[in-house]
Protein chains: 2
Amino acid sequence: MKTREKILTQSLKLFNAQGMAQVGVRDIARHLGVSPGNLSYHFPKKEDLVLELVNRMRAVNDQCYNTYFSGIPSLPGFLQTMRGVFSNQYDHQGLLIGQEEMRRILFNEYDYKAVEERRKTHFKTIFLGLAAAGELKLESEDADFLVSYMTLFGRFWILESFVSTPELSKEEAVEKYLRLLARQLALFATEQGKGSLNSFFE
Amino acid sequence: MKTREKILTQSLKLFNAQGMAQVGVRDIARHLGVSPGNLSYHFPKKEDLVLELVNRMRAVNDQCYNTYFSGIPSLPGFLQTMRGVFSNQYDHQGLLIGQEEMRRILFNEYDYKAVEERRKTHFKTIFLGLAAAGELKLESEDADFLVSYMTLFGRFWILESFVSTPELSKEEAVEKYLRLLARQLALFATEQGKGSLNSFFE
DNA sequence: GTCTATACAAGGATAGAC
DNA sequence: GTCTATCCTTGTATAGAC
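None of the values given here were measured: they were computed from a predicted structure.

In terms of regular secondary structure, chain A is built from 11 helices and 0 strands. Overall, the C-alpha framework of chain A stretches about 60 × 35 × 30 Å when taken along its three principal axes. Element-wise, carbon and sulfur atoms account for 52% of the exposed surface of chain A, whose accessible area totals about 9,300 Å². Between the mean site of the 25 positive side-chain charges and the mean site of the 25 negative ones, chain A shows a separation of 5 Å.

Dropping the structure here:
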């Protein structure tokens, strides 16, 4: 494996274990048996390293969503998609828990506002699609309400999990929050949708 | 005002403006016209300073909840309480946004698990009280579901607000997330409860 | 292109004089 | 209570070996 890849792999491992702020470039270098300066060569700033990891996480998430959009809208399909997303988020917990740092970096890098908007329309499309498919029954501003729920929940379930129930395994945590999400969706589900949800967890 | 108080006031101001990680002890000292060493005298570690600010925030929050418990359970009462809590959280945004740092500190300081449990039973008591008062209609595990919702939402609405809509003023942000909370509660409200909710926002 | 060694700046923390 | 001086760690930059 190339050094660059090794750095990324090892960094993520350390970030997940100790948090971004606690892991210094010297730590990473030591774990790899290379010099700190070598890190600087591959990633001039620690930010660059983090940004690369964030981009990879996002790429996997996007793939999950794309798979969803390539099929027929359904609640089980959506939950399966979110299971993939949650699992991926869990694998990058170190980045997500270091919220502040990550936010600062992304803020400088992207048109953050645009990314946020895209995220929202994304979910709105999904929910309206589920309504059209007869899975959800959405009145007046229910779709926007669900979008608000989804953006907050989808971003912070993992932080909540670590704060509230740090003893859970990855599978347990993902399933727990997937069920909470399903329960929320059930509040807006048609009879058909409720059947879909029940079948998903069997 | 004693130097100790001045330090706390100024620190919070700077933390809110720039984030905990971005504000150094030297910055705080310079803004106060005292030496960095003087800060160390009053707060040996930066952690100690943060911890004191967190404790004060919590004290105000507890006061909000105590006021609620001293009255008759009602949805408007609860929302009013949460408006106070949200407002207080907003005033301490710097601490809450520096999630990682704060969590590390609290983890060492308290029996964190116990605090989390207390928080949950707290909300459960509130929701069961609202059900008993005829405001909410809770079946089987609805109460636990709402508690899960409330702990996550109550902790992360402010982060979500800054990520998602950083342009909002304090009042706008607090009202926005208070309405989202109300909307969630409305999903479990009795006819009486729905009336209560509507009256609250008029 | 890849890596080591090393220097520098900035931040938290401490000791000791006043 | 307050200050100065100093130490240690961490992120960052670069000169130069291979």
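All right, on to the interface of chain B and chain A then. Accessible area lost when the parts come together is the quantity often used to give the size of an interface. Taken together, the contact pairs 40 residues of chain B with 40 residues of chain A. Interface area, chain B with chain A, both sides summed: about 3,400 Å², of which 59% is carbon and sulfur. Counting the surface chain B buries against chain A, the share from its top three residues, Glu100, Val163 and Arg183 of chain B, is 19%. Our count for the chain B to chain A interface comes out at 8 salt bridges. Here glutamate 141 of chain B ties to arginine 183 of chain A by a salt bridge, and the two come within 3.8 Å at their closest N and O atoms. Across the chain B-chain A interface, the total number found is 14 residue pairs in polar contact (both at pLDDT 80 or more).

This part is about the protein's contact with DNA strand D. Around DNA strand D, the structure places 15 residues, and the nearest of them are Arg26 of chain A together with Thr3, Ser35, Tyr41 and His42 of chain B. Restricting attention to atoms of DNA strand D within 4 Å of the protein, one finds that 54% of them are sugar or phosphate atoms. At 3.0 Å from a phosphate oxygen of DNA strand D is found a side-chain nitrogen or oxygen belonging to asparagine 38 of chain B. Secondary-structure elements contributing two or more residues to the surface near DNA strand D are helix H2 (25-32) of chain A together with helix H3 (36-42) of chain B. Ranked by the residues each element gives to the surface near DNA strand D, the list is headed by H3 of chain B, at 4 residues. Residue composition of the surface near DNA strand D, by class: 5 nonpolar, 7 polar and 3 charged.

Near DNA strand C you find 16 residues, and of these Thr3 and Ser35 of chain A together with Val25, Arg26 and Ser40 of chain B are the closest. Taken together, the sugar and phosphate atoms account for 59% of what DNA strand C places within 4 Å of the protein. With respect to DNA strand C, the side chain of tyrosine 41 of chain A contributes an N or O atom lying 2.8 Å from a phosphate oxygen. Mapped by element, the contributors of at least two residues to the surface near DNA strand C are helix H3 (36-42) of chain A together with helix H2 (25-32) of chain B. Considered class by class, the residues forming the surface near DNA strand C number 5 nonpolar, 7 polar and 4 charged.

Superposition of the two copies of the chain requires a rotation about an axis and a shift along the axis. Overlay of chain B on chain A (RMSD 0.1 Å): rotation 180 degrees, translation along the axis 0.0 Å. Taken together, the rotation angle and the small translation identify this as a two-fold axis. Counting the interface residues of chain B, we find that 100% of their copies in chain A are interface residues as well, pointing to one common contact surface.

With that settled, consider the side chain of threonine 151 of chain B. One can find threonine 151 of chain B in helix H9 (residues 142-164). Here glutamate 160 of chain A takes part through its side chain, which lies 3.3 Å from a polar atom of the side chain of threonine 151 of chain B. For threonine 151 of chain B, the side chain forms a polar contact with the main-chain oxygen of serine 148 of chain B, separated by 3.0 Å. In this view, threonine 151 of chain B contacts Glu160 of chain A together with Arg119, Lys120 and Phe123 of chain B; residues no more than four positions away in its chain are not counted.

All names here are of chain A. Looking at the assigned domains, one finds that chain A contains domain 1 (1-44) and domain 2 (46-200). When each unit is reduced to the centre of its C-alpha atoms, the spacing between domain 1 and domain 2 is 29 Å. Facing 14 residues of domain 1, the contacting portion of domain 2 comprises 15 residues. When the buried surface of domain 1 facing domain 2 is broken down by residue, Leu8, Asn16 and Met20 rank first, second and third, together holding 43% of it. There are 2 salt bridges connecting domain 1 and domain 2. Measuring nitrogen to oxygen at the nearest pair gives 2.8 Å for the salt bridge that ties arginine 56 to glutamate 5. For the pair domain 1 and domain 2, the interface holds 7 residue pairs in polar contact (both at pLDDT 80 or more). Sorting elements by how many residues they give to the side of domain 1 that touches domain 2 places helix H1 (residues 3-18) first, with 8 residues.

Turning next to the side chain of lysine 120 of chain B. Here lysine 120 of chain B shows up in helix H8 (residues 112-132). We note that lysine 120 of chain B is buried and unpaired, the nearest opposite charge coming from glutamate 117 of chain B at a distance of 4.2 Å.

All names here are of chain B. As enumerated under the stated definition, the model contains 30 aromatic pairs over all chains in all. Measuring from centroid to centroid gives 6.0 Å for tyrosine 65 and phenylalanine 123, while their planes differ by 85 degrees, and the two rings are edge-to-face. Pair noted here: tyrosine 65 is in helix H4 (residues 46-69) and phenylalanine 123 is in helix H8, with a separation of 58 residues, a long-range link. The buried category is assigned to tyrosine 65, whose relative accessible area is 8%. Taking the centre distance of 5.7 Å and the plane angle of 70 degrees together, the rings of phenylalanine 78 and phenylalanine 127 count as edge-to-face. Residue phenylalanine 78 is located in helix H5 (residues 75-91), and its partner phenylalanine 127 is located in helix H8; the two are separated by 49 residues in the primary sequence. Summarising the burial analysis for this pair, phenylalanine 78 and phenylalanine 127 share the class buried.

About the cut-offs
- Each chain has its residues counted from 1, following the order in which its sequence is written.
- Ligands are numbered from 1 and chains lettered from A, in the order in which they are written.
- Local features in this predicted model are restricted to residues of pLDDT 70 or higher, and side-chain atom pairs are both shown and tallied only at a pLDDT of 80 or more, whereas totals for entire chains, interfaces and linings draw on every residue.
- Heavy atoms from the whole structure form the basis of all side-chain values; hydrogens and water molecules are not counted.
- The helix count covers DSSP runs of H or I at least four residues long, the strand count covers runs of E at least two residues long, and both are numbered beginning at the N terminus.
- Computed with a 1.4 Å probe, the accessible areas rest on the Shrake-Rupley method; for each residue, only the protein chains presented here act as cover.
- Neither His nor the chain ends contribute to the count of charged residues, in which Lys and Arg are positive and Asp and Glu negative.
- A charge is said to be at NZ when it belongs to Lys, at CZ for Arg, at CG for Asp and at CD for Glu.
- Residues are treated as being in contact if the distance between any of their heavy atoms lies within 4.5 Å.
- Each of two parts loses accessible area, computed with a 1.4 Å probe, when they are put together; buried area is these two losses added.
- Whenever Lys or Arg places a side-chain nitrogen within 4 Å of a carboxyl oxygen from Asp or Glu, that contact is recorded as a salt bridge.
- In protein, a polar contact means a hydrogen-donor-capable atom and an acceptor-capable atom, both N or O and within 3.5 Å, with residues adjacent in sequence counting only if both atoms are side-chain atoms; elsewhere, any N or O pair within 3.5 Å suffices.
- Any residue with a non-hydrogen atom lying within 4 Å of a molecule or strand is treated as near it.
- Classification used: nonpolar for Ala, Val, Leu, Ile, Met, Phe, Trp, Tyr, Cys and Pro, charged for Asp, Glu, Lys and Arg, polar for all others including Gly.
- Least squares is the method used to superpose the copies, on C-alpha atoms of residues holding a pLDDT of at least 70 in both.
- How far each domain reaches was decided by an automatic or database domain assignment.
- Only protein chains enter the accessibility calculation, which uses a 1.4 Å probe. A residue is then buried if its area is under 20% of the maximum for its type, exposed if over 50%, and partly exposed in between.
- For Phe, Tyr and Trp, rings pair up if their centres lie within 6.5 Å, where Trp contributes its six-membered ring, and each pair is then called stacked (planes under 30 degrees apart), edge-to-face (over 60) or tilted (otherwise).

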